Structures are given as structure tokens and as C-alpha cells.
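# Results of the structural survey
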Amino acid sequence: GIQVEQSPPDLILQEGANSTLRCNFSDSVNNLQWFHQNPWGQLINLFYIPSGTKQNGRLSATTVATERYSLLYISSSQTTDSGVYFCAVGAYNQGGKLIFGQGTELSVKP
Amino acid sequence: KAGVTQTPRYLIKTRGQQVTLSCSPISGHRSVSWYQQTPGQGLQFLFEYFSETQRNKGNFPGRFSGRQFSNSRSEMNVSTLELGDSALYLCASSSTGLYNEQFFGPGTRLTVL
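Right, let's walk through the structure included here. Throughout, a residue's number is its position along its own chain's written sequence, starting from 1. Chains carry letters from A onward and ligands carry numbers from 1 onward, assigned in written order. The predicted origin of the model limits local features to residues at a pLDDT of at least 70 and limits the giving and counting of side-chain atom pairs to 80 or more, whereas totals for whole chains, interfaces and linings rest on all residues. Remark: hydrogens and water are excluded; side-chain values derive from all non-hydrogen atoms of the structure.

Helix numbering and strand numbering both begin at the N terminus, where a helix is a DSSP run of H or I of at least 4 residues and a strand a DSSP run of E of at least 2. Each helix and strand in chain A was counted, giving zero helices and eleven strands. Counting helices and strands in the order they occur from the N terminus, chain A gives β-β-β-β-β-β-β-β-β-β-β. Taken over C-alpha atoms, the radius of gyration is set against a globule rule of 2.2 Å times the number of residues to the power 0.38. The globule rule puts the C-alpha radius of gyration for 110 residues at 13 Å, and the 13 Å found for chain A is close to it. The dimensions of chain A, computed from C-alpha atoms along their principal axes, are 45 × 25 × 20 Å. Summary of the burial criterion: residues with accessible area below 20% of their type's maximum are buried, those above 50% are exposed, and those between are partly exposed, where the area comes from a 1.4 Å probe applied to protein chains only. Burial status across chain A gives 48% buried among its 110 residues. Contacts between residues were defined by any pair of non-hydrogen atoms, one from each residue, lying within 4.5 Å. Across chain A, the fraction of contacts at a sequence separation of at least 24, relative to all contacts at a separation of at least 6, is 56%. Each accessible area value is a Shrake-Rupley result obtained with a 1.4 Å probe; residue values ignore everything except the protein chains displayed when judging cover. Carbon and sulfur atoms provide 47% of the accessible area of chain A, an area that totals close to 5100 Å². Counted as positive: Lys and Arg. Counted as negative: Asp and Glu. His and the chain ends are not counted at all. A charge is said to be at NZ when it belongs to Lys, at CZ for Arg, at CG for Asp and at CD for Glu. Placing the 6 positive and 7 negative side-chain charges of chain A at their respective mean positions leaves the two points 6 Å apart.

Here you go:
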């Protein structure tokens, strides 16, 4: 099956700093999403981005499908950005499910 | 539009019991998927239902089952609970499935004692 690797596993930033989270996947995909898991466990949608570039406020994402990676950029980080960020991919020839990476745990210090 | 809702939010059971979890998708969405999240295994796919039919299934034992009703609401049942079933169970809703964005509910946190 498709393998999904996220890096780094942990990241500590000072408030106001920028960061880049990476997601590598091992095969072609039909779906790629980035999520932020809040302290109560809910997965909050950040981007649905099987290819291309999108921006939403301080966050942006780029997926280069031909090279099998995606990047999530967080600019001017805030303490509320803390939490775990997941990349998830899916392909219909892999059983119609999302396959999640292990996540990047981000901690933003004031 | 209301988001995905899951009930109950928290549940405590003992080994050997069974449990039923419920998920109501976003209005108009016909696909509901279920995932289990544990610290050791991460997020793993259980199954997907679309138009009342199980369309995809993950690698979980037969103790885990589900169904979907005509209004797209879905239930997941776990029989003969084991300690290892303690987890956060998340459901995801989408209009037609994997080609569309998946939206997750708040989850049900199950503790098995």
C-alpha cells in the first residue's frame, strides 16, 4: 500500500516564526488533505490539495503530485497553531480510504 | 450547514461488552467512513459506507461492524470489547467518497476497562 511519511515529527517554534511541514507519499494519489488535530481530537480541515497550490490566510500548501510530496507552510505562527498536523492521502486502487502519516507535533511558544 | 456529528462523545465500557457509536454526516453527503485512532497505531481506516452499502473495508476483525441508514446516518458496532479497543473513533463525511474532500466529526472517545 501507499506509504506516507511526514517530517519533522516534532517542531518547536517561537511565536512569529515561519515553518514548513513536509509530506512524502510513495505512489500516485487521488486525494491529499492536510488536517490540524485540536486538543479535543477533532480533525480540522486545512487543505484539500491533490495537486497545485492553495492559500488560506497565514497557511498555504503545495502538492507536487509528479514528485510525490506536499508542503504545508505556516507563516507568523501563533500559539493557537500548536497541535498535531496530519497529511492524509488516498487512492481508489488502495481501497478508497485515507492513509494518514504519523503527524507533525507543533508547539509554538509565546 | 451543520457539520458532522458523533454521539456519544465519551464512553466507558468493560471487557466483553458491546458498543454502538453513531455518526450523522453533513446534509447531502452520502459517504461515511470510520477511523480508529490510537497512540500506537495512529489513524487507521475501518470501513466506508455509501448509499447504505459497505463499499470499502479495512483490516479489522469481524467484531467491528457498521451500517448506514437511508438518511445517510451511520452506526458502528464493536462486540466483545477488548482493552485494545480503547481509542478515539472518528467518522468522516463526503459527498461521494475519496474523490471529494473528507470532513471529520469530533469523535467518540471509547475507554474499555
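Next comes the rest of the account.
Moving on: the sheet that holds strand β7 (residues 59-64) of chain A. In any sheet, the strands associate via hydrogen bonds between backbone groups, in a parallel or an antiparallel arrangement. Residues and elements named next belong to chain A. At least two DSSP bridges between two strands are required for those strands to pair. Spatial strand order, β1-β3-β8-β7-β6: five strands in an open sheet with antiparallel pairing. Of all strands in the sheet, those bounded by a partner on one side alone are β1 (4-7) and β6 (52-56). Neighbouring strand axes in the sheet, compared pairwise and without regard to direction, differ in orientation by 15° on average. Where β1 meets strand β3 (residues 19-25), four bridges bridge the pair, whose relative direction is antiparallel. Every axis in this analysis is a line fitted to C-alpha atoms, fitted for helices over the stretch in contact. Angles between the N-to-C directions lie between 0 and 180 degrees.

Between two cysteines, a covalent bond joining their sulfur atoms is known as a disulfide. Cysteine sulfur pairs qualify as disulfides if the two atoms are within 2.5 Å. Applying the stated rule across the entire model yields two disulfides over all chains. Each sulfur in the disulfide pair Cys-23 of chain A and Cys-87 of chain A lies 2.0 Å from the other. Measuring the twist about the S-S bond at about -55°, one finds the Cys-23 of chain A-Cys-87 of chain A disulfide to be left-handed. On the criterion of sequence distance, the pair formed by Cys-23 of chain A in strand β3 and Cys-87 of chain A in strand β9 (residues 83-90) is long-range, its members being 64 residues apart. Here Cys-23 of chain A matches Cys-87 of chain A in class, with each residue buried. The disulfide partner of Cys-23 of chain B is Cys-91 of chain B, and the S-S distance across this bridge is 1.9 Å. Where Cys-23 of chain B bonds to Cys-91 of chain B through sulfur, the torsion about that S-S bond is close to 65°, and the disulfide is right-handed.

Bringing the pairing of β9 of chain A into the picture now. All names here are of chain A. Burial runs high along β9: seven of the eight residues are buried. In terms of strand pairing, strand β4 (residues 31-37) meets β9 through seven bridges, oriented antiparallel. Across the sheet, the residue bridging to Phe-35 is Phe-86, located in β9. As paired strands, β9 and strand β11 (residues 104-109) are joined by three bridges and run antiparallel to one another. Following the sheet pairing, Tyr-85 is matched in β11 by Thr-104. Examined bridge by bridge, β9 and strand β10 (residues 98-100) share three bridges and lie antiparallel to one another. Along β10, the bridge assignment pairs Gly-90 with Leu-98.

Moving on, we get to the environment of Glu-105 of chain A. All names here are of chain A. Among the structural elements, Glu-105 can be located in strand β11. Residue classification places Glu-105 among the partly exposed positions, given a relative accessible area of 46%. In this structure, the C-alpha to C-alpha distance between Glu-105 and Cys-87, residues 18 residues apart in sequence, is 12 Å. The contact partners of Glu-105, leaving out residues within four places of it in the chain, are Pro-9, Asp-10, Leu-11, Gly-83 and Val-84.

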